[in-house]
Each structure stands twice: as structure tokens, then as C-alpha cells.
Number of protein chains: 2
Amino acid sequence: MKYNYLNNLPLNEAKSKYYAHLKEVGFSGQSETVPVTDACGRVIKEAAYARICSPHYNASAMDGVAVKAEKTFTASERTPVTLTPDDYTVVDTGDPLPDNSDAVIMVEDLIEGENGNYEIISGVVPWQNVRQVGEDICMGDMIAPSGTVLTPSLCGALLAGGITEIEVIRKPLVGIIPTGDEIVLPTADPQKGDIIEFNSTVFKGMLGEINAKVKVYPITPDKKELIESAIKTALSECDIVLVSAGSSAGRDDYTAEIISLFGTVLVHGIAIKPGKPAVLGEALGKPVIGLPGYPVSAIVIMDEIVSEVVAMYYGKAKPLRKTVKAVLAKKIVSSLKYSEYVRVSLGRINGKLSAAPLARGAGVITSFTKADGVLIVPQNCEGFEAGEEVEIRLNKPLAEIENTLIVTGSHDPLIDEVSDFLARKGVPFRVCSTHVGSMGAVYAVRDGLAHMGGIHLLDTETGVYNKSYVEKYLPEGNAVTVKGVGRVQGLMVQKGNPLNIKEFRDIKNCRYVNRQRGAGTRILCDYLLEKNGLTPKEIDGYHNEEFTHTAVAALIAAGNADAGLGIYSAAKMYGLDFIPICNETYEFLIDKSYLDNPMVKAFLDVLYSEEFKARLAEMGGYV
Amino acid sequence: MKYNYLNNLPLNEAKSKYYAHLKEVGFSGQSETVPVTDACGRVIKEAAYARICSPHYNASAMDGVAVKAEKTFTASERTPVTLTPDDYTVVDTGDPLPDNSDAVIMVEDLIEGENGNYEIISGVVPWQNVRQVGEDICMGDMIAPSGTVLTPSLCGALLAGGITEIEVIRKPLVGIIPTGDEIVLPTADPQKGDIIEFNSTVFKGMLGEINAKVKVYPITPDKKELIESAIKTALSECDIVLVSAGSSAGRDDYTAEIISLFGTVLVHGIAIKPGKPAVLGEALGKPVIGLPGYPVSAIVIMDEIVSEVVAMYYGKAKPLRKTVKAVLAKKIVSSLKYSEYVRVSLGRINGKLSAAPLARGAGVITSFTKADGVLIVPQNCEGFEAGEEVEIRLNKPLAEIENTLIVTGSHDPLIDEVSDFLARKGVPFRVCSTHVGSMGAVYAVRDGLAHMGGIHLLDTETGVYNKSYVEKYLPEGNAVTVKGVGRVQGLMVQKGNPLNIKEFRDIKNCRYVNRQRGAGTRILCDYLLEKNGLTPKEIDGYHNEEFTHTAVAALIAAGNADAGLGIYSAAKMYGLDFIPICNETYEFLIDKSYLDNPMVKAFLDVLYSEEFKARLAEMGGYV
């Protein structure tokens, strides 16, 4: 098997080298002329100067009458001035001031007399209630410097300044070539081994957000000559070419090799994780970038490098990255060899912004959908301790992050269902739910990392749920439990129960899939093992840990395991057989200070509503 | 003259009344089904649940060989394990795991032996280097609740979860009807009395930013039957109708009257400034809103009300408004009758965010182009003092605002020209320049409100510029002046000099236009008056004050005045005659602590460059 190691160039060196080369070959955007009425969001090529003044004539600023101001100087309550029809002209807002007048009296200030006369009891000074020429914009003034992104009001100012057409940078066309023998177009019914091609959709969305147009080429199999021909076509049609997957150094990775046929590979392999196997190349004066096949790796390269290449096309500086300081909720260990991009969710609890690391796998696209930001662990840094203040690069507006109800703890699909009910009601906040197990919820509520946490913790001595745990871990009584749901726990087994599993002790003879430490279901498992005189060592798969009921069900349905503990609704979803073991009390642990929080209250209101009970009945397994 | 007074309903009451009515008539968006590959940025109608797991099969996470893990358990440096071709299958990243294997050994960990054998010196545990079914997404998991705005990564997650099409809220079509006899399509050559119709372009841009589509109807004159017919057409074609201008209570203001023909007018007149003359109506279950004709007034209504109506269409809460605390740079006095929206520019100087109020006229669109945010002075509040902490609603990302070089003081077009040179170099900051006169610059630098300020302050006793002022007002020596330019000041007079003005004293016999108090040019004017034995009272127009050289030139060119003091480049721009009076020293005042600031340095580097000298020569009047 051929295996070529990649370089491991630090990110900043990779960027400097690449951008310097692109600059040298003159990479930058061409311009085009567009009507200003359609130019919002576009980037102007040259500074724009007003061609006319705005207003371009002396305009009445009010509805009223235009007069010569000096006629009115003596007016007062005692000495009113009478204006005859010769003295005034009726004007509406925007009307040009008639010759020989230099001020306007508002209609509200006119007292009607006879024969079309008006009386006034206060005078006006020259140019009062008049928008003089150039009040807003003066001919020759610079309305916007080169490179300005046109906002709606800037487009208005350009038009007001007599500019009807403007030269803007043509939007770059970015060609995306998805490659791979195993890649298939989006489908709800992929075959084993098929990988659904969704990366190009993610890239297209990201590029749209930074003012680039996209052409997605057909999926190209891992054949050198086919990829070569696809890149050739894309180079002739696009300003920037992205080759998705095949950027590493495996036996089917041709991107780097092919780019060097057309031009130059500047970088192959960057010391970042995820994102290492990236190829930064140039051909015919255009950037050609090989993106890793793993979605998260590719997103990191898109965000770090492709976005800056697009900025360079527009002649602009690197995009500004908004960062915030946050307290790290969990320790992170990172390799010294790479700079690591850890996705985090953020929450503002009691004024303190905390960052919880999300799944770190390069294939886990949901770690990006949930990510509020990214913590970049520098190269040569071993990581950060829980409680340390760290800098987070934001993916979402802080205002959105701060309007978030954070529900953590034991996994139950009902939390997502409540979120959906709330969303449909149009509440002004979102719900962020994370699955850290019941014990995770206890710690999170104690440490101020969540507003509320779902728990179902069996006291194996008393058979009572939750109470003793809360008393032990939150002895100061700051937190209370509120009613959640009763639910059925049981063994999920393959459809038709081929191994004829009847009770918990039967897991001894099958491949089990467990929940993570700290999960209420794990505690239940350990309790049941002990009760049945079994030890973890006797259970095949005891150390195979998953974080959710659905993940356990999925592995059983896939045949990776034969049985696992979980709730009925998960078994139902996957068409598994279900052997009920016990009913349990699933409650929410809430710091007392949040009982009046409008988000918490809205959450519980939904949970206790009749409407929601109907939804629970539909899901099944709630008692 | 007919005049109907408007209501003056407090904003919140107006909103409650209007939104409650829209809710009652069932105003909300219909949905449509789109491919997920094109759904980025769209709002989903219902919660989206994964149809398949991702991965949907057990996939190799690495290039390497798939094995049965138990075969490898004993491997160590001392006791290597040999894998024969029967023991392994070569797999690439993403390949399905062959039956009878449950782990992958990375290619880097394989030692090639003979006959296709491999040796390994460390074992793998079950499922190591395997992406198990559902690692990322489990079938049945909620990927996003109802009403979610699809981000690029969410589109990826939907596709990964087997969702290829999705129901999204159809984008609302907003019809805009510009009305008014005096309104003309954008042109560089409007006639006197013509008002360029740019409001619809501003609205279109704003609506595009909040996911609405726009149809702009032809300009409709102020004829009741024509406006009626335009509204009828728009109501049949659009989801929301905006009528631009004619919303007040003047003789040509028909909007409210016509809306009530088709439906209901809920509100006419809101206690906000600018924005008061707005009409909030409903017809055929659709919002019909009359917007004020003044652009700034209309923008306030767009931002406060139309944006919330669009959110309501999408079934979402009101848009979140990002606010920051800032220190007010200048006192604001506001009417008790209205809630007032004061546009401000923001700057971060020495860590302190300060807010400088911009022009308050309702017709000044440039007050919005320059605005970083809006200070809302509540109804029944008289205003705020300079130095008070106020809350600013942001119009721009804070990161952009914080990367701003603030140059204030005396007006000279060279500042905009330097900004443009910097923008063309792609510097990672913007320049914000405000015209507050030379004395304004001295105070702003002293009070930490600007990085640098342009000054040309003549000491009338010594004839030396700037020095004595800096010593007097900044006695602690914290600020220094650095070289700017020499420039010619003189009298700008109408082309051909019809009044035969020869020297400064001749302004006695003409209509003068002055600069504002604190401007260096005003100080020069007062000095010249005294020198010529003249008093302000003798000068017609002494109190007619403008803030820039171009504004003075514009008024002379328009015939509003006969003469004014200013710099040569402004006179040249307007084709005016110019009578030189003196050469002056225009310098930049900078707090010492900013001399090393990279933005300040970049500004001065451009100013002193040969390239820029050529530009100054082109503009003329610099010596």
C-alpha cells in the first residue's frame, strides 16, 4: 500500500506562503457595472463621489407657505403680521422654493384671515424650514471609499448623489468538484458503503454568505484522468476551484498530484486538526484548493482559508472574527502537534458565559450545527483546564447565544419536542439541549452551567429517584427538582427477539451496548447487574458506550449489538422489540433562582400542557 | 388648506394594537417544498427528524486494514501479532466494514511482512477506528425544530440524515409603491423640484437582508384613483404592501384614506421622531403600511415595524436587537412628545466606547450611511448629557466598529482621499471621519473621543497656526501636532465674479455664507473681519452656518449666497471663482499614546507618500 506522509506546516506559515504566491500571480477580482438600484451588498471598485447635491434645489421642508423671511421679522403675539396672497406661495414638503422667497412657515402656524390673507404671530429667519441645496450630500463629496460593501442606506445615498450605475467587483464564481467512488447524490435510501455528498451544499451555503457564487460539478470518481478533466473544465469556467476529498495521501488521493499538472502546489498538509489534509494550489492564476473529505475538516479549511481567499479576490483584508471570552466548562486535552479547532456551545448563565466542548470527530457535522463558536487550541499547547478563561471565535451572533435556555442532562427526546412546541409558539429564545447524563446535569446545575437538567437517578437502597442525589451533591439546597415525566425503561433487542432475551440477566449471553458513565440508565444497568449477581467483566460490550437512547437503538438495529437498556420511544422508532424492566421518574433539576426565569417557565408550561401530553402519548412509553 | 392632525400613539401601543390585529386575521406565511441543496438561509416549517442514521453503516474511519479486534489483543512490541491475508481486508476511509470485522488498524501502524502478511505491535479494541452506525446522527433524532433558519451545516446535517427535500416558509413578496407627483426615477440630471426616488432601493436592500423578496411598482402620482388601483394590484400580487410617501395628513396624503377603502387603518401617527407620519393598516388579511416620504423616517418604520411584520410572517419572535453601552460624546436635547431615534457613530478609544450623535434631519440619508447605531431617547425624556452612559442599538457588527480609525476635526476632502488609499491597500480597518471643526478636534483629542484630529487654528496675535491653542487647551502635553498639508484659503464667489469681489472687506456688500463656530475657517473669518474693521452685524448671512467647504461652495453655486471662505479644491469642484486670501498650516493633533497605533501610522504613511502628493496636486490648492 502506497502511503505518502503529508507536511505539517503551521497554519500561519501555510497562509503566508499561499497568499504571497496568489498576490504574486495577480489574483484579484474583475469588475462590472450594475444599476445602483440592484447594488445592495455589492463591493464597489472605486471611491464614489456625489455627482449632484442632495437636495439639488432649495426645497420646502414642510407643508406651508414660502415667504421672504424679512417680511416676518416683526411678528409677535402683540404685533401679528398679515401675509397677503402676494406675500406667500403655498408649498408642500419637497416643493422648490419660489424665487424671492427664502423661508417657509408651517401650515400649523398659519391663522386664516379674509381674502386669502394669513396672520402669523412669530417670524421665521432666512432658510428656516428649507432644505438648502446640499443639506444631505454635496456634489464632489466622497460617498464611499473603494472596496465599500454597499448597505441599503449607502445605495440610497448614491442615488441621492446622482449616481445611477456603479462599478462593483464581479462576484467570484467558485467551482466545487465532489470526488470519490463512494460518493452519491443526496438520497433517503443510500446503499451500504454509499456516502451522501452533502459537503458541496455546506460549502455553497458558506460561500453564499461571503458573496460568492457557486457551481457544483457532477460527482467525479477517483480516476486520475476524470479528476484531471473536471479540474480543467472548472479552471476554464470559475475564479476559484475547490476539489472536495482526495486531498490526503492515500492510494486514491490525487488532488495534489493533479493540481501540480496545471500549476503549483504550495502547501500539502497543515498543522491543524481537523483540517490537516488540505492542498493549497494555484493554476492559471486561480486558487485551486483540495479540501479534506471529512465535513468538519473541510469546514475548518473553508472558514480559515477559502474565506480569506475570497476576501483577497475582493481586495479586502481578512474577515474580522468576532471573539468572546468564556469559561471552559470541561477540560480539553489536545495534541502538541496541531492547532486544534474545538467546537463549543456557549451559554450565558448568571451573567457568566461558559463554553462546553462538543464532539470532536472530524466526521460529526452535527458538532458544527450545534456549535456557537470554536475554541482554537494553539499548536504546542496541551489544552485547557475546566474553569479556565478561554477565547472563543463566534459562529453565531452573541445576542442569539445569550437568548438561550440551556437544558442539559439525561437524554430524552421530549426535550427536543418541547423546543419544537416553543419554536412554534414563536418564543423569543431558543433551547440548547446537550446530553451529558443525569450526573452531568447535577454537576452542571451545581456549577451554573445550565438553567435546568433532566435527571433520573435511582437510589438503589431506597428505590426513590433523584432525591438522595440532589441532597448529596447540592447540600446547600439551592436547587429543586420539578415534575418531569414517568417513563418505562427496558431492554431493546432486535426485532423478533432472535436471542430470546426475557429478562435483564440474559444480557450475559449477548453483545450488549451500554450508556456512558454518569447516565441514569448506566446507573440502572449497574444496579441491575449487581441485583442479578453479574459483574461488568461478564458482559460483552459493557465498555461500548453511547450517549443517547437513540444511539443505543441504532447500534442494535444495525446489528453491532444485541441488547441495550433504553426507553420505549427509542425502541419504537427503530422497530426494535422492547422488554420493560421498570418505570422511572424523570425530573428536572433547577436552581431556585431560575424558577421565575421566563424561559424556564415557558419550557415547563409546554411540558405540563394538555397539547404536549398528547404528543407524549404519540411517542409512547411515558406513564 | 386642509390639515388633519395625526395621532401620536406611543410606539409600543401602536405595535401591540397592530400585531394583535394581524394575528387575529391570521397573517402568516405559507410554505413550499425545496431541495435541501438549495435551502440554506430558508426557514423550516416543521421540525426535521433524521430519516436515516449517519453513518448508515459501520464505516472505516481510516485508511488501513479491517480485522476482528480479538485477533489483535495480545500484540505488543515483544509479542507482535502477524496478520495473514485471511485475517484482514484492506479498507479506505469511508469503506464499509466487512462482515466478521469490528475494528480497523491504521496503515501507519502496519509493518509489511512477506506473502502479504502484516505485523502489528499494538492491538485494537472492538470498534476502534470505526465510525459506527449513528455516530453523527441517529434516525429519528430531531435535527432542527420548527422555524429554524437553515445554516450551511444544518443543510449538511439534513442531507446526512437522509432528508433531500424540505418544507420551508415561502419568502414573503413585499410590494413597494412609490407615490408622489414630484418623484422621478434615479437620474444624474434631475430638474428643479424633482425628487429622486431612492427610498424603494433602500427598502429593497433592507428587506433582502431579512429574507423577503421585493417587487417595486412604477411611481404613482398623487391621484387618489391611481394610488387606489396600484394598492389593489399590489394586494393581489404580494404578501405585504408598502406605500411610500403620502402617509402624513397634508393635502396630497391619501394613503390612510385609501387603505380604509380596502380594509382597516389601525394606526395613523406614532409618537416617534423621525417616523411619526406612518400608517399601519390591513386589507385582505395582508399588512398594508404607509411609510413616510422622508428617507430617515421611513427607515425607522422599516426597522421598527416592517421587520417585525416580516418576522411575524415567518412565525418568529421579533428580531433580536444587539445593543451596547457607550458614553455619549455630546449632549442631546429631545422633545418630550416623541421617542426620538438619534443616529450615532461609535468609536472605541482607549477601551472606552463613545457615541457621537449625527445629523438629526429626517431627510439626511447620510446620517444612516454613517450611523453605527441608534440611540433611542424615550418619550417623556428630555435627552442625555454629554458623558452619560447610554444604550445604543447597533447597525453594524461591533468588530467592525472597533476596527475603526476615528479622524475628526476640520473638514478637508484629503481625509476621505486618504481613507480611499487605505481601502485600496486592503488595510484591516476603516476610517470614520466627522466634521466638527478645528476646536472640536482639540476637545475630541483631549477627551479621548478621536484618535486624531485635523486642525488649522490661527493665532491672530502671532500669526502661527495651532501651537498656542494646543498649549492652552492641552497644557499637560499629552498631544502633539504632526505635519499635515499647507493649503490656500480664500473667498469662493460665483463664476465670473459678478459682484466684482476683490478682497475680504467686499463681503460687506454681498450675501455671505459662514462656517460653524469652532471651525478654523470661522476663526479666520472673525480675524479678517476685525482686521478690516467690520462687525458680524454688518455681514448679511454671518449666521448662515455650514459644516464643510463643499457645503459652502454648494450654496454659492446654487445662488443661496454670494461668497464664503473656503479652500481652493472646493471652489474648483463647483466651478467657482476663487480669491486667495492666505496660506495656512493644516496639521493633525494626536494623543502621544497613539503615535504608535498601527491605524494612525498607516494613515500618516499614506499622507506622506509620493503617490498621495500626486493626488493632492490633482485636487489643487495644497502648497
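In this report, the structure presented in the accompanying data block is examined. Predicted, not measured: the structure shown is a model, and the values here were computed from it. Numbering of residues begins from 1 in every chain and follows the order in which that chain's sequence is written. Starting at A for chains and at 1 for ligands, labels are handed out in the order in which the entities are written. A pLDDT threshold of at least 70 governs which residues receive local features in this predicted model, and a stricter bar of 80 or more applies before side-chain atom pairs are shown or counted, although totals over entire chains, interfaces and linings include all residues. Values shown for side chains rest on all heavy atoms present in the structure; no hydrogens or waters enter the calculation.

### Description of the pairing of strand β31 (residues 452–455) of chain B
Residues and elements named next belong to chain B.
Here's step 1: Buried, partly exposed and exposed residues are distinguished by accessible area as a fraction of the type maximum, computed with a 1.4 Å probe on protein chains only: under 20%, between the cut-offs, and over 50%, respectively. Secondary structure elements follow DSSP: runs of H or I no shorter than four residues count as helices, runs of E no shorter than two count as strands, and numbering proceeds from the N terminus. Residue alternation in β31 divides its side chains into two sets, Met452 and Gly454 and Gly453 and Ile455, and both sets are buried.
Here's step 2: If DSSP finds at least two bridges between two strands, the strands pair. Sheet analysis places strand β29 (residues 404–409) next to β31, joined by three bridges and oriented parallel. Counterpart to valine 407 in the pairing with β31 is methionine 452.
Here's step 3: As paired strands, β31 and strand β36 (residues 577–591) are joined by four bridges and run antiparallel to one another. By the bridge assignment, methionine 452 is partnered in β36 with isoleucine 590.

### With respect to the environment of A:Ile556
Residues and elements named next belong to chain A.
Here's step 1: Looking at the secondary structure, you find isoleucine 556 in helix α13 (residues 549–558).
Here's step 2: As a C-alpha pair, isoleucine 556 and alanine 61 span 495 residues in sequence and 76 Å in three-dimensional space.
Here's step 3: Contacts are assigned to residue pairs with any non-hydrogen atoms lying within 4.5 Å of each other. Those residues in contact with isoleucine 556 that sit more than four places away from it in its chain are Met492, Val493, Gln494, Val513, Ala561, Asp562, Ala563, Gly564 and Leu576.

### Describing the interface of chain A and chain B
Here's step 1: In this assembly, 112 residues from chain A lie in contact with 112 residues from chain B.
Here's step 2: Here's the idea: put two parts together, see how much 1.4 Å probe accessible area each one loses, and the total over both is what we call buried area. When the two sides are added together, the surface that chain A and chain B hide from each other amounts to roughly 8,900 Å², 61% of it contributed by carbon and sulfur.
Here's step 3: Counted as salt bridges are all cases of a side-chain nitrogen of Lys or Arg within 4 Å of a carboxyl oxygen of Asp or Glu. The interface formed by chain A and chain B contains four salt bridges.
Here's step 4: In protein, a polar contact requires one atom able to donate a hydrogen and another able to accept it; more generally it is a pair of N or O atoms within 3.5 Å, and residues adjacent in sequence count only if both atoms are side-chain atoms. Between the two partners, chain A and chain B, sit 29 residue pairs in polar contact (both at pLDDT 80 or more).
Here's step 5: Within the residue set of the side of chain A that touches chain B, elements represented by two or more residues are β6 (89–91), α2 (152–160), β15 (195–196), α3 (199–209), α7 (366–369), α8 (398–402), α9 (413–424) and α13 of chain A.
Here's step 6: With eight residues, α2(A) is the single largest residue contributor to the side of chain A that touches chain B.
Here's step 7: Looking at side-chain class alone, the side of chain A that touches chain B contains 57 nonpolar, 29 polar and 26 charged residues. For this classification, Asp, Glu, Lys and Arg are treated as charged, while Ala, Val, Leu, Ile, Met, Phe, Trp, Tyr, Cys and Pro are nonpolar and the rest, including Gly, are polar.

### Some details on helix α1 (residues 11–24) of chain B
Here's step 1: Here the expected length of a helix is defined as 1.5 Å per residue gap, with one fewer gap than residues. With 14 residues, α1(B) should cover 20 Å at 1.5 Å per step; its first-to-last C-alpha distance of 20 Å lies within 8% of that length.
Here's step 2: The positive-phi residue at the C-terminal boundary of α1(B) is B:Gly26, with phi of around 80°.

### Some words on the nonpolar core
Here's step 1: Membership of the largest hydrophobic core comes to 65 residues, with the highest contact counts inside it found for A:Ile166, B:Leu207, B:Leu242, B:Ile270, B:Ile289 and B:Ile305.
Here's step 2: Among the elements that make up this core, the one with the highest residue count is helix α6 (residues 295–313) of chain B (12 residues).
Here's step 3: A:Ile166 has contacts with A:Glu32, A:Thr33, A:Val34, A:Val36, A:Ala39, A:Ile44, A:Ala48, A:Leu150 and A:Leu158, leaving out every residue within four places of it along the chain. Throughout, nonpolar core names a set of buried Ala, Val, Leu, Ile, Met, Phe, Trp, Tyr and Cys residues whose side chains join them through atoms within 4.5 Å.

### Regarding helix α4 (residues 224–237) of chain B
All names here are of chain B.
Here's step 1: Under the 1.5 Å per step criterion, the end-to-end length of α4 is 20 Å for 14 residues, consistent within 8% with the ideal 20 Å.
Here's step 2: Those residues of α4 that fall on the buried side of the exposure criterion are Ile227, Ala230, Ile231, Ala234 and Leu235. The arc enclosing the buried residues of α4, seen along the axis, measures out at 135°, which places them on a common side. Seen from the buried face of α4, the exposed residues on the opposite side, beyond 90 degrees, are Glu225, Lys232 and Ser236.
Here's step 3: Where α4 is buried, its residues contact β13 (173–178), β17 (240–244), α5 (255–262), β20 (279–283) and β21 (286–291). By construction, the arc corresponds to the directions joining the helix axis to the C-beta atoms.

### So, the relation of the copies chain A and chain B
Here's step 1: The two copies are related by a screw operation: chain A maps onto chain B through 180° of rotation and 0.0 Å of translation along the axis, at an RMSD of 0.0 Å. A rotation of that kind, with that shift, is consistent with a two-fold axis. Of the C-alpha atoms belonging to chain A, the one lying closest to the rotation axis is found on A:Pro397, 4.6 Å away. Least-squares fitting of one copy onto the other uses the C-alpha atoms of those residues that reach a pLDDT of at least 70 in both copies.

### Points about the sheet that holds strand β9 (residues 118–120) of chain B
Here's step 1: Spatial ordering of the open sheet is given by β5-β9-β8 (chain B), a layout of three strands whose pairing is antiparallel. Two strands in the sheet have a free side with no partner beyond their single neighbour: β5 (81–83) and β8 (111–112) of chain B.

### Focus on the sheet that holds strand β31 (residues 452–455) of chain A
Residues and elements named next belong to chain A.
Here's step 1: Across the sheet, which stays open at both edges, the six strands sit in the order β30-β29-β31-β36-β32-β35 with mixed pairing between neighbours. Two strands lie at the open edges of the sheet, namely β30 (430–433) and β35 (563–567), each paired on one side alone. Sheet twist, expressed as the mean angle between neighbouring strand axes with direction ignored, is 25°.
Here's step 2: Against the sheet, helix α10 (residues 437–446) makes contact with β29 (404–409), β31, β32 (479–493) and β36 (577–591), and its axis sits at roughly 155° relative to β31, the strand it touches most.
Here's step 3: As a rule, the C-alpha atoms of each element are fitted with a line to give its axis, helices using only the stretch in contact, and angles between N-to-C directions run from 0 to 180 degrees. Sitting on the sheet, helix α15 (residues 598–607) touches β29, β31, β32 and β36, and the angle it makes with β29 is about 60°.

### Observations concerning the state of the cysteines
Throughout this description, disulfide means a covalent bond between two cysteine sulfur atoms.
Here's step 1: The term disulfide is used for any two cysteine sulfur atoms that are within 2.5 Å. Scanning the model with the defined rule gives zero disulfides over all chains in all.
Here's step 2: There is no disulfide at A:Cys155, and the cysteine sulfur nearest it, in A:Cys40, is 4.7 Å away.

### Side note on the side chain of B:Asp239
Residues and elements named next belong to chain B.
Here's step 1: Structurally, aspartate 239 is set in the loop between α4 and β17.
Here's step 2: Polar contacts involving the side chain of aspartate 239 include one to the side chain of arginine 170, which spans 3.3 Å.
Here's step 3: Ignoring anything within four residues of it in the chain, the contact list for aspartate 239 reads Phe27, Arg170, Lys171, Pro172, Leu173, Lys286, Pro287 and Tyr313.

### Remarks on the environment of B:Asp506
All names here are of chain B.
Here's step 1: Looking at the secondary structure, you find aspartate 506 in the loop between β32 (479–493) and β33 (514–515).
Here's step 2: Aspartate 506 sits in the buried class, given a relative accessible area of 19%.
Here's step 3: For the pair aspartate 506 and asparagine 532, spaced 26 residues apart in sequence, the C-alpha to C-alpha distance is 9.9 Å.
Here's step 4: Among all residues touching aspartate 506, those that are not within four sequence positions of it are Asn500 and Ile501.

### Points about the pattern of salt bridges
It is possible for side chains bearing opposite charge to pair when their charged atoms get close.
Here's step 1: Taken as a whole and judged by the stated rule, the model has 69 salt bridges over all chains.
Here's step 2: Note that B:Arg393 and B:Glu304 form a salt bridge whose closest N and O atoms lie 2.9 Å from each other. On the criterion of sequence distance, the pair formed by B:Arg393 in strand β28 (residues 389–394) and B:Glu304 in helix α6 is long-range, its members being 89 residues apart. A single burial state applies to B:Arg393 and to B:Glu304, both of which are buried.
Here's step 3: We note a salt bridge from B:Asp526 to B:Arg522, for which the minimum N-O separation is 3.9 Å. Taken together, the positions of B:Asp526 and B:Arg522, both in helix α12 (residues 520–531) and four residues apart, correspond to about one turn of that helix.
Here's step 4: Owing to a relative accessible area of 30%, B:Asp526 belongs among the partly exposed residues under this scheme.
Here's step 5: One network of salt bridges, in which partners are shared, links A:Lys15, A:Asp303, A:Glu304, A:Glu308, A:Arg321 and A:Arg393.

Distances and angles like these do not, on their own, reveal function.
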